[in-house]
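Secondary and tertiary structure notes
Here's the letter readout for the chains.
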Amino acid sequence: MPEALREPQAVHPTGANPLAPADLEVPSDLNALEAHVWSRNANRSEDGAVSIAGADVRALAEQFGTPLYVVDESDARARASETVAAFADAFAPLGVSAKVYYAGKAFLSADVVRWMLEAGCAIDVCSEGELALALAAGAPPALIGFHGNNKSTREIGLAVAAGIGGIVLDSTQELDRVAAAAAAAGVRQPVRVRVNSGVHASTHEFLATSREDQKFGIPLDEVDAFVARIREHDSLEFLGLHSHIGSQIFDADGFGEAADRLVAVHARLLDGGPVPELNLGGGYGIAYLPRETPTDIRTMASHIASHVADACSRLGIAVPNMAFEPGRTIIGPAGTALYEVGTTKNVRVPLDAGGTADRLYVSVDGGMSDNVRAALYEAEYSVRLASRASAAGPALVRVVGKHCESGDIVVLADYLPSDVAPGDLVAVPATGAYCWSLSSNYNMIGRPAVVAVRDGETRTLIRAESVTDLLARDAGLAAAVTDERP
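Residues numbered from 1 in each chain as written. Predicted model: local features only at pLDDT ≥ 70, side-chain atom pairs only at ≥ 80, totals over all residues. Heavy atoms only, no water.

What follows deals with the overall build of the protein chain. Secondary structure assignment for the protein chain yields 12 helices and 21 strands. Over its C-alpha atoms, taken along the principal directions, the protein chain stretches across nearly 80 × 60 × 45 Å. Within the protein chain, the fraction of its 486 residues that count as buried is 56%. Long-range pairs, those at least 24 residues apart, make up 72% of the contacts in the protein chain between residues at least 6 apart in sequence. On the protein chain, the mean spot of the 39 positive side-chain charges and the mean spot of the 62 negative ones are 2 Å from each other. (Helix = DSSP H or I, 4+ residues; strand = E, 2+ residues; numbered from the N terminus. Buried < 20%, exposed > 50% of the residue type's maximum accessible area, 1.4 Å probe, protein only. Contact = heavy atoms within 4.5 Å. Lys, Arg positive; Asp, Glu negative; His and termini not counted. Charge placed at Lys NZ, Arg CZ, Asp CG, Glu CD.)

In structure tokens, the structure reads:
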């Protein structure tokens, strides 16, 4: 946009805007892409535009439209392989195996399933749709685990018929349904028991999945009776206990505590029969913001292995084979969301201490329909100008969407160059997990495309939804309507 048409914006060159969060510093370089937040193959080209795995974001936006999710394929594949190696290396000295299930709920497509299998991962699913996709993409049924607190009778039947490697039981009713389905099919279905360990993971309330007052798992003091009931059914094979204490967890302490508690139950259960496996789930955090420093997966794996070994030694039992279920740490950092700026609006906000400060609202062509995490549980992101570099000073921004909700926020607070303007592309890193998979058609907006980039070559993982797609589902319409969205 010509400089004369740009609206003047608030600039705070000498320090942080008083409206900014206390821990948000003004970047020393507004054009920098922090390596621990962005995908490994993201950088700025000589002309200032962001490039992801050799593809210029301007060309990607031109070809696929915006909003657009871009997955750095080499990064995702590498993180999967590194995760498999980290857990294998941590437990090999203990003489046991460590299976890694990729948590498909983070983001699942046929190609992602294949990447994960090639990296040595099994696949974790939570619904009929995820199960069907994994199978259609070529996942061996024995390498699929099925989660969920309310699997339907149909879903259970399909899982049993497919011969999947494990169903995670979450209630007594579900135990009976799986036993009945397996008996009817004439098979012995392997099952795990999800345990509510009571470990209070340090994360957002809605991401903590092992606290006492919530829907997941069997309480610790009820597990023995629950497993005894499993063992009464000839159609069920008990694999072991499962725990998931939450998501986006930065340190290893909670996982260590969960390991201690589950190993104690595991030891008791050995009196009644074999317990070949212990599954400690996933939930490992990633850096969404430059100031965040989560524990790396190799350190996390080593810490957990040490806790399991110590707990088993104290109780005089053998270390079982292990299983883990990471998702976010594999696909999250590999994804970047691209948006086009539509409008900017400078808002003067009264301060509690008196006076005012300015916040620049940057409205983009997506929002809570493609990333609901900020509205759902106050997730935070960073943002960078992507279609060009800028020497302008910093402006505190809030990147918002185009939906009819005041909570339609993509980035709550960050600094962008003060000359950000309509037509610019902005990029939000670390959006590979739980963004597209939580997307919706709110305000009848189609979900965006997801593309993979590797060595400058781009291919579509999931195509964008058009208005035609949306109208085609409406039974009240007599004819299809076309549009021009790619």
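Turning to the state of the cysteines, a few remarks are in order. Overall, the coordinates contain 0 disulfides when judged by the stated rule. There is no disulfide at Cys121, and the cysteine sulfur nearest it, in Cys126, is 15 Å away. Judged by relative accessible area, Cys121 falls into the buried class, the value being 2%. (Disulfide = S-S within 2.5 Å.)

In total, this model carries 29 salt bridges according to the counting rule given. Where Asp23 meets Arg291, a salt bridge forms, and the shortest distance between an N and an O atom there is 3.0 Å. Taken together, the residues span a long stretch of sequence, with Asp23 in the segment before strand E1 (42-44) and Arg291 in the loop between strand E12 (277-279) and helix H9 (297-315) at a distance of 268 residues. Note on Asp23: relative accessible area 46%, which makes it partly exposed. Asp176 is paired through a salt bridge with Arg229; the nearest N and O atoms lie 2.7 Å apart. Taken as a pair, Asp176 in helix H6 (residues 172-185) and Arg229 in helix H7 (residues 223-231) lie far apart in primary sequence, 53 residues in all. Assessed through its relative accessible area of 29%, Asp176 is described here as partly exposed. Salt bridges here are not isolated pairs; linked through shared partners, they connect Glu73, Arg77, Asp111, Arg114, Glu118, Arg454 and Arg459. (Salt bridge = Lys/Arg side-chain N within 4 Å of Asp/Glu carboxyl O.)

This paragraph deals with the sheet that holds E1. If you walk across this open sheet you meet the 3 strands as E1-E2-E3, and the pairing is antiparallel. Either end of the sheet is taken by a strand with one partner, and the two such strands are E1 and strand E3 (55-56). (Pairing = 2+ DSSP bridges.)

A separate point is unusual backbone geometry. Following Thr66, the chain continues to Pro67 via a peptide bond in cis, the omega torsion being -5°. In this structure, Pro67 sits in the loop between helix H1 (57-64) and strand E4 (68-72). At Ala430, a position not held by glycine, the phi torsion is positive, near 60°. By the element assignment, Ala430 lies in the loop between strand E19 (425-429) and strand E20 (449-454).

Here H9 spans 27 Å end to end across 19 residues, near enough to the 27 Å set by a 1.5 Å rise per residue. The inward-facing, buried residues of H9 abut helix H2 (73-91), helix H8 (253-269) and strand E13 (321-324). The N-cap of H9, judged by a side-chain oxygen 3.2 Å from the amide nitrogen of Arg298 a few residues on, is Asp296. The positive-phi residue at the C-terminal boundary of H9 is Gly316, with phi of around 70°. (Expected span 1.5 Å × (residues − 1). Polar contact = N/O pair within 3.5 Å; in protein donor to acceptor, adjacent residues only side chain to side chain.)

Turning next to the pairing of strand E18 (residues 409-417). Most of E18 is tucked away, with 8 of its 9 residues classed as buried. Pairing analysis gives 6 bridges linking strand E17 (residues 394-400) to E18, with the strands arranged antiparallel. Residue pairing in the sheet places Val399 in a bridge with Val411 of E18.

Right, let's get into the nonpolar core. Core analysis: the biggest nonpolar cluster contains 114 residues, and Phe91, Tyr102 and Leu241 have the highest contact counts within it. Setting aside residues up to four positions removed in sequence, Phe91 forms contacts with Val96, Ala98, Ala301, Ile304, Ala305, Val308, Met322 and Phe324. Grouped together as the second largest cluster of nonpolar side chains are 23 residues, Leu33, Val50, Ala53 and Ala386 included. (Core = buried A, V, L, I, M, F, W, Y, C linked by side-chain atoms within 4.5 Å.)

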